[in-house]
Structures are given as structure tokens and as C-alpha cells.
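Structural description and commentary
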Amino acid sequence: MALVASATICEHVQELANGNINCNNVINTFHGLGETYFELAVTYKTNNESFVEGYKVQDYTGKILGEFENKLTPTDEFHISITELELDLENPGIHFIEILVNGECKSRIPFQVLS
């Protein structure tokens, strides 16, 4: 089963020719409410097995702001997944992105929203 090796919330992810990535403007605090765009870069240790990655974004009350699922068939032991997310941030507070592997939460990333 795949494991989450790292996860980063950033403004933009740049994929380099050598297979590495640059995360530009790493984010852990959003200033202002409303529509927000960002990218999530997740590196999985895959053991070369197919799996379903998923994300669930929740606000501090547990309200789900967005969900996403994607079946991955990695070709390497480590697989990098880059996902663009668009959310409507309605309330200030601490929010979370849950990273799911085959429906099971493997990591929970907090981020703060200020009004």
C-alpha cells in the first residue's frame, strides 16, 4: 500500500526536466475569504502498486469544502502527484486537507484562514 512521504501546499508547482519539483511560495496561511486557488504536491512511496489517491478539505467545523479522487498507476517506487485545488473559503480558522490512500486517511495537513 502507498504511503505519504511528503505533502506541500503552495502557490505553484514547477516540474523540472530531471523529475524533481520546485514548490513556489509555500502556503500555510491564507489571508482573506472567498475563492482561493493553490496547488498540492504529494510524494507517495508506492511499492509500485496502483492505488486511489484522494483529498478531503474541511473547515474547522468539519464542513467539507472539497473532495477529489484519482486512480494512480505509478511506474516508480516514489510517485509525485500535483493537484490544482479551487476552494471557497467561507470562515476564518484552522482548516485541514486530508490525504487519502484507498479511502483511508494517511496524512492531515492544517492551514490557517484569516479574515
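Parameters and conventions
- Residues numbered from 1 in each chain as written.
- Predicted model: local features only at pLDDT ≥ 70, side-chain atom pairs only at ≥ 80, totals over all residues.
- Heavy atoms only, no water.
- Pairing = 2+ DSSP bridges.
- Helix = DSSP H or I, 4+ residues; strand = E, 2+ residues; numbered from the N terminus.
- Axes fitted to C-alpha atoms, helices over the stretch in contact; angles between N-to-C directions.
- Salt bridge = Lys/Arg side-chain N within 4 Å of Asp/Glu carboxyl O.
- Buried < 20%, exposed > 50% of the residue type's maximum accessible area, 1.4 Å probe, protein only.

1. Remarks on the sheet that holds strand 5 (residues 51-58)
Pairing within the open sheet is mixed, and its five strands lie in the order 3-9-8-5-6. What marks the edges here is a single partner per strand, and that holds for strand 3 (29-31) and strand 6 (64-72). Averaged over all pairs of adjacent strands, the angle between their axes in this sheet comes to 20 degrees, without regard to strand direction. Summarising the sheet, strand 5 and strand 6 pair through eight bridges and their orientation is antiparallel. If you follow Val 57 over to strand 6, its bridge partner there is Gly 66.

2. A closer look at the pattern of salt bridges
In total, this model carries four salt bridges according to the counting rule given. The salt bridge partner of Glu 98 is Arg 108, with a shortest N-O separation of 3.5 Å. Placement of the pair is Glu 98 in strand 8 (residues 93-101) and Arg 108 in strand 9 (residues 104-114), with a sequence separation of ten residues. Note on Glu 98: relative accessible area 13%, which makes it buried.

3. Points about the pairing of strand 5
Taking burial as the measure, the eight residues of strand 5 include six buried ones, the bulk of the element. With antiparallel pairing between neighbouring strands as the criterion, strand 5 and strand 6 make up a hairpin whose turn holds five residues, including Gly 62 at a positive phi of roughly 95 degrees. Taken together, the six bridges between strand 5 and strand 8 define a ladder with antiparallel strand orientation. Residue Gly 54 lies in a different strand from strand 8, and its bridge partner there is Leu 100.

Interpretation in functional terms is not warranted from these geometric data alone.
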